[in-house]
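# Reading the structure
Here's the letter readout for the chains.
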Amino acid sequence: MTLTVPGPELRVYLLLEDLQRQFAAYMGTPSRARGYPPFEGQHALIVEVAPGLAIERVTDLALRAVPSVEPGILFVERQFGVLEVHASDLDDVRRAGEAILAGLGADPADQLRPRVLYHDVIEDVTDQHAVIINRNRQASMLMPGETLLVYEMTPALFATVAANAAEKVAPGVTLVDVSMIGAAGRVYMSGPTADILRARDEITRVLEAVEGRDQ
């Protein structure tokens, strides 16, 4: 009896151009980049496939085709696998992505379209609220009196493009936390209200512009 194994499913295919300072630093923390940390101004590709172990084939396709790209994140969770590669040359990152797509027989539009689950803007955060959030943060600190943006979406990896895009249009905001692995992605940002509203609107615009299939 021959078992038929279905090909990997492309769930997320994200090209992040011009990594911003705070987001690049976050991606370089030990909890995220177990490989080579990215730096501000570099470009990244983040891919998610199912089942999880198929990400090893994805990694082989990218690094064999373009050895100059550096793998930062290689994560195999219960159902999905995640790979992030980056380089200073945008063409290198694009070529690595093309190799992945060719190997999977896929197109970027085959990815899942992001779905917004929730977002809110909380002004004049109290000191106790700031303390409890800061105990769980993975990036910078939320200061009492600032305005807080919380944004949740699925698939979780779209939190990466959301955070990087928001920082581009509102570089004065503080990236408090980014949750990019799991059932849903979450972004916490703080700063002046005008900057936070600009960041929120940019995240919404970027997510709505993504082409893909319905979840």
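Counting of residues starts from 1 at the beginning of each chain's written sequence and follows it residue by residue. Two thresholds apply to this predicted model, a pLDDT of at least 70 for residue-level local features and 80 or more for giving and counting side-chain atom pairs, whereas whole-chain, interface and lining totals are computed over all residues. To get the side-chain values, take all heavy atoms of the structure and skip hydrogens and water.

The protein is annotated in an unreviewed UniProt entry as Microcompartment protein of Nocardioides agariphilus.

To continue, consider the overall build of the protein. Secondary structure is summarised from DSSP: a helix means a run of H or I of at least four residues, a strand means a run of E of at least two, and numbering begins at the N terminus for each. When its secondary structure is counted, the protein shows 6 helices and 8 strands. In the protein, the succession of α and β elements from N to C terminus is β-α-β-α-β-β-α-β-α-β-α-β-β-α. Relative to the compact-globule value of 17 Å for 215 residues, the protein shows a C-alpha radius of gyration of 17 Å, a close match. Going through the 215 residues of the protein one by one, you find that 49% of them count as buried. Whether two residues are in contact is decided by their heavy atoms: any pair within 4.5 Å suffices. Considering only residue pairs separated by 6 or more positions, the protein has 75% of its internal contacts joining residues 24 or more positions apart. Averaged over its 19 positive side-chain charges, the protein has a centre that lies 4 Å from the centre of its 30 negative ones. The globule rule used here is 2.2 Å times the number of residues to the 0.38 power, and the radius of gyration it is set against is calculated over C-alpha atoms. With a 1.4 Å probe rolled over the protein chains alone, any residue whose accessible area is under 20% of its type maximum counts as buried; one over 50% counts as exposed, and the rest are partly exposed. Asp and Glu are treated as the negative residues and Lys and Arg as the positive ones, with His and the ends of the chain left uncounted. Note on charges: their place is set at NZ of Lys, CZ of Arg, CG of Asp or CD of Glu.

It is worth spelling out the UniProt feature "domain: BMC circularly permuted" (unreviewed entry) in the protein at this point. UniProt positions are given in the numbering used here, feature names are shortened, and annotations may be inferred rather than shown by experiment. If you check UniProt for "domain: BMC circularly permuted" (unreviewed entry), the listed places come out as residues 13-114 and 115-215 in our numbering. The span residues 115-215 is 36% helix and 29% strand, and its two end C-alpha atoms sit 8 Å from each other.

A separate point is the packing of helix 2 (residues 55-65) against helix 3 (residues 90-104). Helix axes are fitted to C-alpha atoms over the stretch in contact, other axes to C-alpha atoms as well, and angles between N-to-C directions run from 0 to 180 degrees. Relative orientation of the contacting elements helix 2 and helix 3 amounts to 135 degrees, with a least axis distance of 8 Å. Of the possible angle classes, the one that applies to helix 2 and helix 3 is oblique. For the pair helix 2 and helix 3, the sense of crossing is right-handed. Listed contacts from helix 3 to V58, L61, A62 and A65 of helix 2 are R95, A96, A99, I100, G103 and L104. In this classification, Asp, Glu, Lys and Arg are treated as charged, Ala, Val, Leu, Ile, Met, Phe, Trp, Tyr, Cys and Pro as nonpolar, and every other residue, Gly included, as polar. The residue makeup of the contact of helix 2 with helix 3, split by class, is 8 nonpolar, 1 polar and 1 charged. In what follows, roughly perpendicular refers to angles from 65 to 115 degrees, roughly parallel to angles under 35, roughly antiparallel to angles over 145, and oblique to any angle outside these ranges. Here a crossing is taken to be left-handed if its near helix is turned anticlockwise relative to the far helix by less than a right angle, and right-handed if that turn runs clockwise.

On to the nonpolar core. Only buried residues count toward a nonpolar core. Its members are Ala, Val, Leu, Ile, Met, Phe, Trp, Tyr and Cys residues joined through side-chain atoms within 4.5 Å. L16, F23, F158, L175, V187 and M189 are the most contacted members of the largest nonpolar core, which has 37 residues in total. Listed by contribution, the elements that provide at least two residues to this core are strand 1 (9-16), helix 1 (21-27), strand 2 (43-50), strand 6 (147-154), helix 5 (158-169), strand 7 (174-179), strand 8 (185-191) and helix 6 (193-208). Tallying contributions element by element places helix 5 first for this core, with 7 residues.

Within the element layout of this structure, A106 appears in the loop between helix 3 and strand 5 (115-122). Look at A106 and you get partly exposed, because its relative accessible area is 21%. Measuring from C-alpha to C-alpha, the distance between A106 and A54 comes to 14 Å, with 52 residues separating the pair along the chain. A106 has contacts with L10 and L101, leaving out every residue within four places of it along the chain.

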